[in-house]
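Next come the chains, spelled out residue by residue.
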Amino acid sequence: MALLQISEPGLSAAPHQHRLAIGIDLGTTNSLVASVISGTSSVIRDDGGRALLPSVVRYLTNGETVIGHAALAQQSSDALNTIASAKRLMGRGLADLSLVQQQIPYQLVDTPGMVQISTAAGVKTPVEVAAEILKALRSRAEAAMGGELTGAVITVPAYFDDAQRQATKDAARLAGLNVLRLLNEPTAAAVAYGLDNAAEGTYAVYDLGGGTFDISILKTLAGHI
């Protein structure tokens, strides 16, 4: 979303300072970035015209990382070092991940607090993995919008607890993003469809995601969610 600057009458000739902000959907399977450009909300695409960025990071032995489509293409050949679904690990300890652990090919390390991940580039936290994805989205947005970002609104699942929300904020800061707000995914969907301006009522919002499928019930009161 673009942040607008309003000038006093008679000062319109002065150059305006354009401040830029974005919205990010940091997903389990795919992520994307969007903003309001020329008055219209638009998803920002990569150089290949693709809107979605696979939420996958591959760590190489030389310390470099491969992110997104290129990492996804190597997932089957280098499963131990290609980290997908890191969002499920955010803010979680090993004891919380008994079911998830059976579904992922890479190795988890049991550490106090949040679980970590063993890779060819060393042990990484889910926060560090998420930060690599957010860095890629930040770079895409800055290249498309032609300037440095003021901040970002990031959506999170409504069921995220304080530890998971804090881990998301930490990942954003590590990626060089100022978090303007964390917004629950069903609330973001409701706002996008204008329910904040609709008549009072109760609405069911389904989130058919790549990693989870959940439903939230939202009640609007006098234009507020």
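Since the structure is predicted, the reported quantities are computational estimates derived from the model, not experimental observations.

**Some points on the confidence of the model for the protein chain**
So, point 1. Averaged over all residues, the pLDDT of the protein chain is 88; the fraction at 70 or higher stands at 89%.
So, point 2. Within the model, pLDDT remains below 50 along residues 1–8, and this stretch shows 17 contacts once partners closer than five positions in the same chain are excluded.

**Observations concerning the pairing of strand β3 (residues 30–37)**
In the case of a regular strand, side chains alternate between the two sheet surfaces.
So, point 1. With 3 bridges connecting them, strand β2 (residues 19–25) and β3 associate as antiparallel partners. Paired with G23 across the bridge in β3 is A34.
So, point 2. Between the antiparallel neighbours β2 and β3 lie 4 residues.
So, point 3. Sheet analysis places β3 next to strand β5 (residues 53–54), joined by 2 bridges and oriented antiparallel. The residue of β5 that forms the bridge with N30 is P54.
So, point 4. For β3 and strand β4 (residues 40–43), the ladder comprises 4 bridges, and the chain directions are antiparallel. The residue bridging S35 from the neighbouring strand is S42, located in β4.
So, point 5. Hairpin connection, β3 to β4: the antiparallel pair is bridged by 2 residues, and S38 has positive phi, about 55°.

**Observations regarding the environment of E64**
So, point 1. Tracing the backbone through its elements, the reader meets E64 in the loop between β6 (56–59) and β7 (65–67).
So, point 2. Residue E64 is classed as partly exposed on the basis of its relative accessible area, which comes to 47%.
So, point 3. Residues E64 and A121, 57 residues apart in the sequence, show an inter-C-alpha distance of 7.9 Å.
So, point 4. Those residues in contact with E64 that lie beyond four places of it in its chain are R58 and Y59.

**Remarks on the side chain of K124**
So, point 1. With respect to the helices and strands, the residue K124 is situated in strand β11 (residues 122–124).
So, point 2. Despite its burial, K124 pairs with no opposite charge; the closest candidate is E128, at 4.8 Å N-O.
So, point 3. Apart from the residues lying within four places of it in its own chain, the contact partners of K124 are Y59, Q116, I117 and T119.

**Considering a nonpolar patch on the surface**
So, point 1. Taken together, Y206, L208, F213, I215 and I217 make up a surface patch of nonpolar side chains, about 620 Å² in accessible area.
So, point 2. Listed by contribution, the elements that provide at least two residues to the nonpolar patch are β14 (201–208) and β15 (213–220).
So, point 3. A per-element tally of the nonpolar patch places β15 first, with 3 residues.
So, point 4. The topology assignment puts L208 in strand β14.
So, point 5. The class for L208 is exposed, based on a relative accessible area of 69%.

**Considering the environment of D47**
So, point 1. Among the secondary structure elements, D47 is positioned in the loop between β4 and β5.
So, point 2. As for D47 and A143, which are separated by 96 residues in sequence, their C-alpha atoms are 9.9 Å apart.

**What about helix α3 (residues 126–145)?**
So, point 1. Taking 1.5 Å per residue as the helical rise, α3 with its 20 residues ought to reach 28 Å, and the 28 Å between its terminal C-alpha atoms agrees with that figure.
So, point 2. If you check which residues of α3 are buried, you get P126, V127, V129, A130, A131, E132, I133, L134, L137, R140, A141 and M145.
So, point 3. Downstream of α3 by a residue or two, G146 has a phi angle that is positive, lying close to 70°.

The rules we used
Residues numbered from 1 in each chain as written. Predicted model: local features only at pLDDT ≥ 70, side-chain atom pairs only at ≥ 80, totals over all residues. Heavy atoms only, no water. pLDDT = per-residue confidence, 0-100. Contact = heavy atoms within 4.5 Å. Pairing = 2+ DSSP bridges. Helix = DSSP H or I, 4+ residues; strand = E, 2+ residues; numbered from the N terminus. Buried < 20%, exposed > 50% of the residue type's maximum accessible area, 1.4 Å probe, protein only. Lys, Arg positive; Asp, Glu negative; His and termini not counted. Salt bridge = Lys/Arg side-chain N within 4 Å of Asp/Glu carboxyl O. Patch = residues over 30% accessible without salt bridge, like charges linked within 9 Å, V, L, I, M, F, W, Y side chains within 5 Å. Areas by Shrake-Rupley, 256 points an atom, 1.4 Å probe, with all protein chains shown as cover. Expected span 1.5 Å × (residues − 1).

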